[in-house]
Amino acid sequence: MTTTTPSRGRRRAPSRMTRAAGKAAALQKPRVILALILLAALTGVMLLDGFLRAEVGGDERIRTGAGSDEVPDEVLGGGPILSFRGGQAQSVAVPDKTIALTFDDGPDPTWTPKVLKILEDNDIPGTFFLVGSMVARNPGIVKDLVDQGSEVGIHTFTHVDLSYQSSARVTREMEQTQLALAGAAGITTTLFRAPYSSRPDAIDDYSWPVYKQLGEQGYTSVFVDTDSDDWKTPGVSKIVEWATPSSGKGASVLFHDAGGDRSQTVKALPEYIKKMKALGYTFTTVSGATQKAGSGAQGADAGAAGTDQQANRQQAGGEQPGDRAPGDAPPGGAGSLQAAHRTATGATLFEGKALIAAVAVAELAVPGLAIGLAVVGVAVMGRFGLMVILARRHHRQRNRRRFSWGPTVIRPVSVIVPAYNEKECIANTLKSLAQSAHPIEIIVVDDGSTDNTSEIAESLGMPNVRVIRQENAGKPAALNNGVSNARYDIIVMMDGDTVFEPDAVGQLVQPFADPRVGAVAGNAKVGNRDTVIGAWQHIEYVMGFNLDRRMYDLLRCMPTIPGAIGAFRRDAVLEVGGMSEDTLAEDTDITIAMHRAGWRVVYQEHAKAWTEAPGSLKQLWSQRYRWSYGTMQALWKHRKSLTDKGPSGRFGRVGMPLVVIFQIVTPVFAPLIDVFTAYSMIFVDFKAALIAWLAVLAVQLVCAAYAFRLDRERYRYLLMMPLQQLAYRQMMYLVLIHSCVTALTGGRLRWQKLKRTGEVGTPAGAGR
């Protein structure tokens, strides 16, 4: 027995490992917070995009057939321009031989520019009642529209029937649209047209309070005299006919520049303009018509509502309806034709720009995520199919009667057990090895334990056990110490909390009959599987080892020899430099190094060991964080294999892409399946989304069931799989984000010790 003890005396300075661990620990909380922020940002982007598309907060109700007993007769029979000067409703009619050409539902990236071109060619203005969500998505069109001299009004943010909405929702619809206008064109407006409105005589008792509320806030509501009904696509001649006022009367005429196919509208507009000019009509904006009517309404007298509006400045933002003296020219150089416009300044302008920027991000991110999700979905389904096919082939190949690795390997092997504070488990581990049917020597490397681990190992009095003590230096150093002290040419490595089945070592070393084999991965199983967390990990282990590893074995690109049960040729380990301390995943690191050195790495399904999986979410997070981060480090370390030739290049061009796609990229995007599913269930189509999610779950269940069948496991644990998909996968996503942030910030971790209970005793007690 070799014993190394630390020197005593004065207090030593912190080691590099200690300092690195301290640095990493100091960064843990910010990284977790950043991972949560990223998840919250994703949710926020999706909700914003859904809100813009009226999937979030949308309301498709349209009120019809309501009475109008509370609406004043002078309003019902009045003109299409309604304001509330001094708190009193006042209607203004469009003067004779005058047309206020209005357009609803835009801006649309296809049709609005074509409409603007027609107006420009004919040198006439228009008034566009814009939907705020469309403004936010097409800000450039709004700026062009204003610069060209047309006027804009609000058509709500999400195109909802305001008569069904609360007062707060009404205000919010207006404020959000004002912000969108401020961000897009640097203006706000006092004009408003309600969705689904028509002529003044259609105002009912439910919509009337909305108009009064908005009138008190300084808005002018605009209705229709003549409706082209172009949305019905009746044909060009009908659109022109229906849009023509009768008997030379003036009119507020309605067309649409969005909301569907507007090709007939675009064709009808030039004919309509030509016809109306031939009849002696002039075209103007709503403000121009109001001023021309000489009524002194808000469009002509922008200061009339000043007293009422002062109390509501927070509503429109920037310059308010009462801020400009009568006769002052509004921004844009169009004079009275844009009298309803106000210059956005201060917080309103800043918030508007921020809204436009956020929408631009959402417009790019959500479709990108959707495409990424589709690609990942196809990749995942393809992977499942490939795993099942190759796993079946692997199982049939390795279990046929005539299969043999070569002459039976019966020579003794060295089993290395690195241990750090394993007092709960070390006795069970060594007792299981004592039952081994294969001749072995056992080397316990105590890596600076403080809990009498080495004393417990020695107290068992096992003749083939050697205990080596060293100062705490980490698991790779402990394994290297064991390798240097091993007597035999085949080395089995295991964890201090793992229990081997009696034939595990014998099964594990048989592939070494093939001189090309440099390392063998065993079949690690979760012993403490009767808890929720344990069951989740049990499912993951069975699917991972029985499908993933079989696939990687046949493709000859096994990425990892599990630390719980693996075997190596001693010469191969020394050839690649031993267990490296460069990464946190020393098992992945050395496995890749073996491939690059030309050794073959295989999977032995019959070599089974039982390990104690983390028993709490905190411990699970710590373990998976170390694994995922270490895998990233190992891949980065061996990145040159992508361009190498020979065995190294083969792994780099086959194994490395598979690991990156399915262990890093796919797990990051996989939770999006649940996020998009939840989003679709709540805001889009619950039934269709549920069916899609259940279909994906069914595919996973089939693959898991097949893996359980190959390993002769009980299917009852699969009942936990739906819950695993809902909770476990989200946690793994956060862990992976945490690992990515750690990689980017350059943090390092030491060998982390998980709390053990020792409940995994003998193989019989594993609780299958």
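Look up: the structure comes first, before these words.
Read on for an overview of the structure. (Residues numbered from 1 in each chain as written. Predicted model: local features only at pLDDT ≥ 70, side-chain atom pairs only at ≥ 80, totals over all residues. Heavy atoms only, no water.)

**Details of the overall build of the protein**
Next, step 1: Looking only at helices and strands, one finds 24 helices and 20 strands in the protein.
Next, step 2: The buried share of the protein, reckoned over its 768 residues, is 55%.
Next, step 3: Across the protein, contacts joining residues at least 24 apart in sequence account for 80% of those joining residues at least 6 apart.
Next, step 4: Of the roughly 31,800 Å² of accessible surface on the protein, a fraction of 56% belongs to carbon and sulfur atoms. (Helix = DSSP H or I, 4+ residues; strand = E, 2+ residues; numbered from the N terminus. Buried < 20%, exposed > 50% of the residue type's maximum accessible area, 1.4 Å probe, protein only. Contact = heavy atoms within 4.5 Å. Areas by Shrake-Rupley, 256 points an atom, 1.4 Å probe, with all protein chains shown as cover.)

**Here we look at the packing of helix α18 (residues 532-555) against helix α23 (residues 686-710)**
Packed helices, taken two at a time, are described by the angle their axes make and the gap between the axes.
Next, step 1: Interhelical geometry of α18 versus α23 gives an angle of 80° and a closest axis separation of 9 Å. Taken together, the axes of α18 and α23 lie roughly perpendicular to each other. Touching His 538, Ile 539, Val 542, Met 543, Asn 546, Leu 547 and Arg 550 of α18 are Gln 700, Cys 703, Ala 704, Tyr 706, Ala 707, Phe 708 and Leu 710, all from α23.
Next, step 2: Of the residues contributing to the contact of α18 with α23, the split by class is ten nonpolar, three polar and one charged. (Axes fitted to C-alpha atoms, helices over the stretch in contact; angles between N-to-C directions. Parallel < 35°, antiparallel > 145°, perpendicular 65-115°, else oblique. Nonpolar A, V, L, I, M, F, W, Y, C, P; charged D, E, K, R; others polar.)

**Quick look at unusual backbone geometry**
Peptide bonds are, in most cases, trans, and in most cases residues other than glycine have a negative phi.
Next, step 1: Note the cis peptide between Gly 106 and Pro 107, where omega equals 0°.
Next, step 2: Relative to the helices and strands, Pro 107 is located in the loop between β3 (98-106) and α3 (111-121).
Next, step 3: Positive phi, close to 55°, is recorded for Lys 97, a residue that is not glycine.
Next, step 4: Within the element layout of this structure, Lys 97 appears in the loop between β2 (88-92) and β3.
Next, step 5: Under the relative-accessibility criterion, Lys 97 is labelled partly exposed at 35%.
Next, step 6: Even without being a glycine, Arg 712 presents a positive backbone phi close to 55°.
Next, step 7: Mapped onto the elements, Arg 712 comes out in the loop between α23 and α24 (721-745).
Next, step 8: For Arg 712, a relative accessible area of 72% puts it in the exposed group.

**Structural notes on the sheet that holds strand β20 (residues 600-611)**
Next, step 1: If you trace the eight strands from one edge of the open sheet to the other, you get β15-β14-β13-β16-β19-β18-β20-β17, paired in mixed fashion. The strands lining the two open edges of the sheet, one partner per strand, are β15 (465-470) and β17 (498-500). The mean angle between the axes of side-by-side strands here comes to 30°, regardless of whether they run parallel or antiparallel.
Next, step 2: With eight bridges joining them, strand β18 (residues 517-526) and β20 adopt parallel strand pairing. Residue pairing across strands places Ala 519 opposite Val 601, the latter belonging to β20.
Next, step 3: Packed onto the sheet, helix α20 (residues 586-596) meets β18, β19 (565-569) and β20 and runs at close to 155° relative to β20. (Pairing = 2+ DSSP bridges.)

**With respect to the side chain of Ser 287**
Next, step 1: Within the secondary structure, Ser 287 is located in helix α10 (residues 286-293).
Next, step 2: Within the structure, the side chain of Ser 287 is placed 3.3 Å from the backbone nitrogen of Ala 340, a separation counted as a polar contact. (Polar contact = N/O pair within 3.5 Å; in protein donor to acceptor, adjacent residues only side chain to side chain.)

**A look at the side chain of Arg 398**
Next, step 1: Tracing the backbone shows Arg 398 in helix α13 (residues 346-399).
Next, step 2: In contact with Arg 398, other than residues within four places in its own chain, are Phe 403, Trp 405, Asp 553, Arg 600, Tyr 603 and Glu 605.

**Things to note about the nonpolar core**
Next, step 1: With 100 residues, the main nonpolar core has Leu 433, Ile 442, Val 444, Val 492, Phe 500 and Met 543 as its most contacted residues.
Next, step 2: At nine residues, α18 tops the list of elements feeding residues into this core.
Next, step 3: Ignoring sequence-local partners within four residues, the contact set of Ile 442 consists of Val 415, Val 417, Leu 430, Leu 433, Met 462, Asn 464, Val 465 and Arg 466.
Next, step 4: In this structure, Leu 82, Leu 119, Val 240 and Ala 251 belong to the second largest nonpolar core, which totals 58 residues. (Core = buried A, V, L, I, M, F, W, Y, C linked by side-chain atoms within 4.5 Å.)

**Section: the pairing of β3**
Next, step 1: Of all nine residues in β3, nine are buried; the element is thus mostly enclosed.
Next, step 2: Alignment of β3 against strand β11 (residues 282-284), held across three bridges, turns out to be parallel. Across the sheet, residue Thr 98 finds its bridge partner in β11, namely Thr 282.
Next, step 3: Pairing geometry for β3 and strand β10 (residues 251-256), over six bridges, is parallel. Note on β10: the bridge partner recorded for Thr 102 is Leu 254.
Next, step 4: Sheet topology note: the β3/strand β4 (residues 127-130) ladder contains four bridges and is parallel. Opposite Phe 103, over in β4, you have Phe 128 as the bridge partner.
Next, step 5: Note that the unit made of β3, α3 and β4 has a crossover that is right-handed. (Right-handed = clockwise from strand over helix to strand, strands pointing away.)

**So, the packing of helix α6 (residues 167-185) against helix α7 (residues 208-216)**
Next, step 1: Close contact between α6 and α7 brings their axes to 11 Å; oriented N to C, the two are set at 55°. By the angle between their directions, the pair α6 and α7 is classed as oblique. The hand of the α6/α7 crossing is right-handed. Only Val 210, Gln 213 and Leu 214 of α7 make contact with α6, whose side of the interface consists of Ser 167, Val 170, Thr 171 and Met 174. (Left-handed = near helix turned anticlockwise from the far one by under 90°.)

**Notes on helix α9 (residues 263-278)**
Next, step 1: Taking 1.5 Å per residue as the helical rise, α9 with its 16 residues ought to reach 22 Å, and the 24 Å between its terminal C-alpha atoms agrees with that figure.
Next, step 2: Along α9, the sharpest change in direction is near 30° and occurs at Leu 269; proline Pro 270 comes one to four residues later.
Next, step 3: Inspection of α9 places Thr 265, Val 266, Ala 268, Leu 269, Tyr 272, Ile 273 and Met 276 among the buried residues, and these make up the whole buried set.
Next, step 4: Against the buried residues of α9 lie β3, α3, α8 (236-242), β10 and β11.
Next, step 5: Two residues or fewer past α9, Gly 280 is found with a positive phi of approximately 90°. (Expected span 1.5 Å × (residues − 1). Bend = angle between axes of the 7 residues up to and from the residue.)

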